[in-house]
Amino acid sequence: MHSLTKFLKRLWNFFKKPQVLFLIILLVCGLLYNYHRIMFYKPIGIHQWRSSVSAAIALNYYHGGNFLRSQTNSLLADDRTSDVSVVEFPVIYYFVSILYRIFGFHEFWFRITQVILGFIGLLYLFKVSHYYTKDWLYAFFLPCIVFTSPIYVFYLNNFIPDSVALSFSFIGFFFFTRYIEGRSYKMWMISMGFFLLAGLIKTSSLMLYFGIGGVALIELVYSRFNKYEDKLFQFNWKYILSYLGVLVLIVIWYGYARIYSNMHPRSVSEIEIRPIWILSEETVGLVVNNIKMWFRNGHYHSRIFLVFSLPVFGILLLVGKNANRMLYRLSILLFIGGFIFTMLFFRSMRNHDYYQINNLMFLVIIYLLLFALIRDTVPQLYRSAWLKIPLLVAMILLVGNARNYMIKSYDENNPYMVHSSGLIEMFDVEPYLRSLGIERTDRVFCTPDRSVNISLYFCDQKGYTDFDSIGRWPLEKKIAYMKDHKAEYVILGSRSYYEDVDNLDEILGEKIGQTGSTEIFRLIY
């Protein structure tokens, strides 16, 4: 009996630790967001196109791909002869492929990897928030801002790595704070290591890294004129070179990726920026309208929360400097950095909502600064229930808002779900293709599919789709083009797309199989 009591006491002491409670709350939120069901989904819903590209890269690594030569299933590059794909640093994709080899192929391993990495990043954000707030409830609010952002929540349990890159930035921020606390070069180097990893995966996650560099430059300039300026940074060569080393390595990688992309023209996900100043007035208008729509729909975050955050930032600009000089300068630099990033990739903002995920760091910093200001100026309010209860209610409402978004995103009547589910139903036929003797390297033409890679990924075949101008061609011209490119089979997902073609079977060749509505034809040369 004594041993049981002792065990229960240890168990209670373990679970009442703030970090453990925080992880439990994350798990509960994940359940509310239906993560336990979504983890078993194939790429589906909004941005199925981009998700299938990421999923295909991991799948091709699983089949024995080269780390430095990422591949999709689409033979788009090199005048439609090569499967080369140039994307972000593929470390996550390669790691997932290792899990596939150990446990067998299933998208679950991709999704769970992203979620675990995301939760680790949020845990480190929780810990660094406590360093600045000295209160566990306020510390929880900061990662809550992130894990209630609909775009973060949606893409974390998914295949696009922006949420994970942001999480690596959170870890880098934690170790940077440890460096500030003890001036440890080891902590500094660990911090730079995580910023490097974040930046290699997504350059947009470097905003905090650049913000820290900006704070250091401001400190250097101010210290020349104000000897009382508190110094956070040690301006010697080993710190300067290690900071710049992060940037150099990232430039080397993306320089390599750019050269490789130019060597293989038309490769999937080419490396490029699309700044606002090269766009037509009409295109700028379309992008602005989409951004407005996503803001109104609470796509980035709760609209009320975002509107509330604007005057908060305005007030902090006026009075926040005395609370925490580093956070104050960082908030301004992140605001400027977010604006510059949006302008540089403005064309992509029209359809790629996930480009804004890394701007969540700005919201984290301004609320850290706000809590530091309240703690220093109104300590009684900071400790009172008058502030903590409304904050707790706000967190519950934000979780509810994100939950509603996730339910709508995966609702069977959502247009994105209807379309993407149809593609899965038509083309998720890989076992049947193998039973027909079709190898994954045999070239196929999947139709109807206007994407680069979706149908090819689901049936795990190399080949072609209706992407680009091909989708506008008559069927006979498509088939002639496929024969010119040595395609051997046609995977027809639905006849309804070609209901106006009278001699459909004659054009497609010899029918060798059918599963559901999906028909497989062997092209006759």
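For the structure, see preceding data.
Residues numbered from 1 in each chain as written. Predicted model: local features only at pLDDT ≥ 70, side-chain atom pairs only at ≥ 80, totals over all residues. Heavy atoms only, no water.

Moving on, we get to the pattern of salt bridges. Two side chains bearing opposite charge may form a pair once their charged atoms approach each other closely. Applying the stated criterion across every chain, the model contains 16 salt bridges. Across the pair Asp-505 and Arg-495 runs a salt bridge whose closest N-O atoms are separated by 2.7 Å. Residue Asp-505 is located in helix H24 (residues 504–508), and its partner Arg-495 is located in the loop between strand E3 (489–492) and H24; the two are separated by 10 residues in the primary sequence. The exposure class assigned to Asp-505 is partly exposed, which follows from its relative accessible area of 35%. We classify Arg-495 as partly exposed; its relative accessible area is 32%. Each of Arg-50, Glu-88, Asp-162 and Lys-202 takes part in a single network of salt bridges with overlapping partners. (Salt bridge = Lys/Arg side-chain N within 4 Å of Asp/Glu carboxyl O. Helix = DSSP H or I, 4+ residues; strand = E, 2+ residues; numbered from the N terminus. Buried < 20%, exposed > 50% of the residue type's maximum accessible area, 1.4 Å probe, protein only.)

So, about the packing of aromatic side chains. Considering all chains together, one arrives at 60 aromatic pairs under this definition. Taken together, a centroid distance of 4.9 Å and an interplanar angle of 65 degrees make the contact between Phe-110 and Phe-159 edge-to-face. Residue Phe-110 is located in helix H7 (residues 107–133), and its partner Phe-159 is located in the loop between helix H9 (150–156) and helix H10 (162–182); the two are separated by 49 residues in the primary sequence. Using a relative accessible area of 0% as the deciding quantity, one classes Phe-159 as buried. An aromatic cluster is built from Tyr-41, Phe-154, Tyr-155, Phe-341, Phe-345, Tyr-354, Tyr-355 and Tyr-410, whose rings are joined through pairwise contacts. Its guanidinium or amino end placed over the ring of Trp-473, Lys-477 lies 4.4 Å from that ring's centre, counting from NZ or CZ. Between the NZ or CZ atom of Lys-483 and the centre of the ring of Tyr-525, over which it lies, the distance is 5.8 Å. (Phe/Tyr/Trp six-rings, centres within 6.5 Å; stacked < 30°, edge-to-face > 60°. Lys NZ or Arg CZ within 6 Å of the ring centre and 35° of its normal.)

Turning next to the packing of helix H15 (residues 303–319) against helix H17 (residues 360–377). Closest axis-to-axis distance for the H15/H17 pair is 10 Å, and the angle between their directions is 55 degrees. With respect to their mutual orientation, H15 and H17 come out oblique. The handedness of the crossing between H15 and H17 is left-handed. Contact residues: H15 offers Phe-305, Leu-306, Phe-308, Ser-309, Val-312, Phe-313, Leu-316 and Val-319, while H17 offers Phe-362, Leu-363, Ile-366, Tyr-367, Leu-369, Leu-370 and Leu-373. Looking at the contact of H15 with H17 residue by residue, the classes come out as 14 nonpolar, one polar and no charged. (Axes fitted to C-alpha atoms, helices over the stretch in contact; angles between N-to-C directions. Parallel < 35°, antiparallel > 145°, perpendicular 65-115°, else oblique. Left-handed = near helix turned anticlockwise from the far one by under 90°. Contact = heavy atoms within 4.5 Å. Nonpolar A, V, L, I, M, F, W, Y, C, P; charged D, E, K, R; others polar.)

This part covers the sheet that holds strand E1 (residues 444–447). Overall, mixed pairing links the five strands, which are arranged E2-E1-E3-E5-E4 in an open sheet. Two strands lie at the open edges of the sheet, namely strand E2 (463–464) and strand E4 (510–515), each paired on one side alone. With four bridges connecting them, E1 and E3 associate as parallel partners. Within E3, the position partnered with Phe-445 by the bridge is Val-490. Contacting E1, E2 and E3, helix H23 (residues 475–484) crosses the sheet at an angle of about 155 degrees to E1. (Pairing = 2+ DSSP bridges.)

Direction of pairing for E4 relative to strand E5 (residues 518–522): antiparallel, over a ladder of five bridges. Each residue of the ladder has a partner; that of Gly-513, found in E5, is Ile-520. Counting the residues in the hairpin turn of E4 and E5 gives two residues, including Gly-516, whose phi is positive at 65 degrees.

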